[in-house]
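Descriptive structure summary
What follows is each chain in one-letter form.
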Amino acid sequence: MEGKEKKPEQSVKNKSQISRRSLFGTTAAVAGAGVLASNLTDPIVRSAYAAGSDAPIRIGFQVHRTGIGATYGKWYERTTNAAAKYINEHGGMGGRPVEIVPEDDGTDPKRGADVVEKFATQHKVDFVYGTLFSHVVMGSSPRAGELKIPYFVVSEGYHVASGALNRYVFQPCITDVRSQISAMSGWIFNNLGKKMTLIYPDYAFGYNHRDYASAAAEKHGAKISAKLAIPPTASSFTRYFAKIPKDTEVIYHVMVGPGVLTFVREMGEHFGSNRPEIFGFIDSLEGVALDSPGLDFLNGTYFWEAMPRYADGYPTHGEKVYRNAVGVNANGASKSDSKDVSTYSHMFGCWETLFAIKEAVEQSGYRDKRDYANLIETFEGFQGFNEGIAHPQGSKMFSGKSHQCYGQQFISKVENSKFDVVHRTSIEDGYYEPETDYTKLPL
Amino acid sequence: MLVWFEDNVALLFLALLDGTVTAFVLALIALGLSLVFGVMRVVNVAHGEFFMLGAVLAWACFHFTGNMPLLGFLLALIVAPVLVGGLAMLSDRFILHRIQYNPESTIVATIGLLYIIQQLVLSFFGPEARPVEAPIYFRVQFPWFGYSGYKLIVAVLSGFLLLLTWFLMVRSKLGLYMRATQQDAEIAQTFGVPTRSVYSKVFAIGAGLAALAGVLVVPIRQADYLMGLEPLLLSFIVVIIGGLGSLRGTLVAAFIVGISDGFISVFYEPTLAKMLATVLVAAVLIVKPTGLFGEEPG
């Protein structure tokens, strides 16, 4: 395994806060006087002031319980509950317990927007978080901006960082596709081949892969011989494999949705042992056991993992604590059902984002929604997060301007129906200059 | 022209293979729908859900037999059509018969049935797609690419089931009753045909055929609660193009739609293939509203 070590310091690095602290101090003094004077006023006001004590911090969890994202939603929910439990057992967020309020968005953009509205107006939560599928992110985020409620995304699309969304939206603890491809493309083109065919789903997330892989190819003197866009609801893929050019040296695939196992199986049926090199994104296999029938042809192919599924891939202390807390065994499956394989390369984002929210709440002294501006500015001041129990996937660099983080990536080879990590990128490998600056927008 | 053929032999062959498998399975599903409409004059919007139930029950059978997929498959071939046919019979007795097979009411009632079945499966089976192992797994190597041996078996088995259904229609007493009822239900009744029980049985057979298609197809793609919607759309297209009430028309149309879907999907886009199938329906409805082989009403 290659890579660079990062020295753990304090959990969060941020800019000077002297002026904010003194402002908070003054406000607190005035608020305190107000509490004493207004016992019998408006119950909302009263509970808001009392929220320095035990009133829970309520986080609206927009979860893909049904629809094409259901497998991820199931694991996102388990990880979220495990993180909330861990945080509550260790003092909560600034002394206040965390309460998760889940709502199913059906992996549907329109329903996502409705759910955001429900969180803000009916449930009246403090924050909304948890969306994965990028078309749902695109559909829901504008509503969060309109309703002015902080919205934390656990997706991979290049949407937050593109500047297309708004200042209330953050993706602080899971890297985006552009960064992932930048980090790994050098290794892929130098080790696997310079003539590449791209296979990706026919929507925003897939287009990110198409665009950034194409850009990376140019940069490394490689060639994209074909780009095959597949509808996310497709159930049969043989027709696409027939279109792969004969001189392709490496196939790059990233598939999502219920058809992924069929995709991989049919790819094996199509090629047999006479195949080019294959590099896939673990998205194609999240929730799927590597020893499923028809997958043995994957032996000798390579995959991107954000967080190694098998415990020996990145065995740090933080990783062990996290894996145990979310109930995943050494093979990446549920401890209570070894056939229930996890979505290990995505769900860590839930755990880490909740901890990032905790850090922002504590740093900014957040009490209630009137402190949103303060919280957002505090978040924008974060430089990154240090590896540890709160951030078991690895250290992150964070850009306050683009509201997006950068992190390390793993490349694994499939051997004997198991992943073996062969390469680990550095955070710098995936860095790109932020192309947007949300801090310039009003709140 | 010849050069194009040479260059694209692999694609052409794949289109033919895929199209043939699609056509056979589509024929099986659409036949059920067509039978039900032909004999009962009922539009069954829940037909796709019977297909989905077949797939889900097949998953359950495979799950039950553990490490013996062949046994699970054989079990599913019996269990799925029987259970789904039974459900269909009950629906006919307690829903369709009660509303006297009124055309508009049956559409609404079967839509309701669709939602109930879908949501029940969602509640008990879950939202995720679950894979099912093929009973026989082998790869056929052609000169240009490999292909799933099981898919070829699916085409053969579907053909066999279609033959069986044809045999039932022309050689059995029930088949005779069905054809009589299809021609004219009132006159058939005066001749002593037990139309009420024929209706129940036809509905059950239609559902059973869809369920069998589900069992055959599920090892190729996974079982999930939403998988009935696309077959429903396609089988409606096939039945309309072929002509409502004509079984021969359904079969011919299934092959037209299936093979053309194969070719257009391989050379262009699957979405385009679906679009063209829908346009074809519109064209047929304008030029010959009763479909290719449909009978004039009255």
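Residues numbered from 1 in each chain as written. Chains lettered and ligands numbered in written order. Predicted model: local features only at pLDDT ≥ 70, side-chain atom pairs only at ≥ 80, totals over all residues.

To continue, consider the overall build of chain B. Counting secondary structure elements, chain B contains twelve helices and two strands. When the helices and strands of chain B are placed in sequence order, the string is α-α-α-α-α-β-β-α-α-α-α-α-α-α. In terms of C-alpha radius of gyration, chain B reaches 19 Å, essentially the compact-globule figure of 19 Å for 298 residues. Here the C-alpha coordinates of chain B stretch approximately 60 × 50 × 35 Å along the principal axes. By sequence separation, contacts in chain B at least 24 residues apart represent 77% of the contacts at least 6 residues apart. (Helix = DSSP H or I, 4+ residues; strand = E, 2+ residues; numbered from the N terminus. Rg over C-alpha atoms; globule rule 2.2 N^0.38 Å. Contact = placed C-beta atoms within 7 Å.)

This paragraph deals with the confidence of the model for chain A. Residue and element names in this part refer to chain A. Across chain A, the average pLDDT comes to 86, with 87% of residues at or above 70. Element-level pLDDT for chain A is lowest in helix α2 (residues 43-50), with a mean of 41, against a maximum mean of 97 in strand β5 (residues 151-153). Ignoring residues within four places in sequence, the model shows residues 1-20, a span with pLDDT below 50, making 32 contacts including any to other chains. Low pLDDT, under 50, characterises residues 26-51; the predicted model gives this stretch ten contacts beyond four residues in sequence or across chains. (pLDDT = per-residue confidence, 0-100.)

Here the focus is the sheet that holds strand β18 (residues 418-424) of chain A. Residue and element names in this part refer to chain A. The strand order across the open sheet formed by seven strands is β8-β7-β9-β10-β11-β17-β18, and the pairing between neighbours is mixed. Looking at which strands have only one partner, the edges of the open sheet turn out to be β8 (223-230) and β18. On average, adjacent strands in this sheet sit at an angle of 25° to one another, irrespective of strand direction. Alignment of strand β11 (residues 302-305) against strand β17 (residues 410-415), held across four bridges, turns out to be antiparallel. Each residue of the ladder has a partner; that of Phe303, found in β17, is Ser412. (Pairing = 2+ DSSP bridges. Axes fitted to C-alpha atoms, helices over the stretch in contact; angles between N-to-C directions.)

In this assembly, 23 residues from chain A lie in contact with 24 residues from chain B. At the level of secondary structure, the elements contributing two or more residues to the side of chain A that touches chain B comprise α3 (70-89), α8 (238-241) and α9 (260-271) of chain A. Top contributing element to the side of chain A that touches chain B by residue count: α9(A), with five residues. Classifying every residue of the side of chain A that touches chain B gives eight nonpolar, twelve polar and three charged. (Nonpolar A, V, L, I, M, F, W, Y, C, P; charged D, E, K, R; others polar.)

Before going further, it helps to examine the packing of helix α2 (residues 9-40) of chain B against helix α9 (residues 195-217) of chain B. Residues and elements named next belong to chain B. Running from N to C, α2 and α9 point in directions that differ by 170°, and their axes come no closer than 8 Å. One element, α2, and the other, α9, form an angle in the roughly antiparallel class. Across the contact of α2 with α9, the residue classes break down as 21 nonpolar, two polar and no charged. (Parallel < 35°, antiparallel > 145°, perpendicular 65-115°, else oblique.)

All names here are of chain A. Read across the sheet, five strands follow the order β3-β2-β4-β5-β6 without closing on themselves; strand pairing throughout is parallel. Of all the strands in the sheet, the pair left with one neighbour each is β3 (98-104) and β6 (169-170). Taken together, the seven bridges between strand β2 (residues 57-63) and β3 define a ladder with parallel strand orientation. Following the sheet pairing, Phe61 is matched in β3 by Pro102.

Considering soluble globular proteins, one finds that nonpolar side chains tend to be buried as a cluster. Residues and elements named next belong to chain B. Ala55 and Ala58 are the most contacted members of the largest nonpolar core, which has 214 residues in total. The element contributing the most residues to this core is α2, with 19 residues. Apart from the residues within four sequence positions on either side, Ala55 is in contact with Gly214, Val215, Val217, Val218, Ala223 and Met227. (Core = buried A, V, L, I, M, F, W, Y, C linked by C-beta atoms within 7 Å. Buried ≥ 20, exposed ≤ 12 C-beta atoms within 10 Å, placed from the backbone.)

What follows covers helix α12 (residues 372-381) of chain A. Within α12(A), seven of the ten residues are buried, which leaves it mostly tucked inside the rest of the structure. Listed in full, the buried residues belonging to α12(A) are A:Asn374, A:Leu375, A:Ile376, A:Thr378, A:Phe379, A:Glu380 and A:Gly381.

Mapping A:Arg239 onto the fold places it in helix α8. With 54 residues separating them along the chain, A:Arg239 and A:Pro293 place their C-alpha atoms 21 Å apart. Ignoring sequence-local partners within four residues, the contact set of A:Arg239 consists of B:Leu14, B:Asp18, B:Ser265 and B:Val266.

Here we take up the packing of helix α11 (residues 247-267) of chain B against helix α12 (residues 270-287) of chain B. Residue and element names in this part refer to chain B. Between α11 and α12, whose axes approach to 8 Å, the crossing angle comes to 145°. α11 and α12 meet at a crossing whose hand is right-handed. Here Val257, Ser260, Asp261, Ile264 and Ser265 of α11 come into contact with α12, specifically with Pro270, Leu272, Ala273, Leu276 and Ala277. Each residue belonging to the contact of α11 with α12 can be placed in one class, and the counts come to seven nonpolar, two polar and one charged. (Left-handed = near helix turned anticlockwise from the far one by under 90°.)

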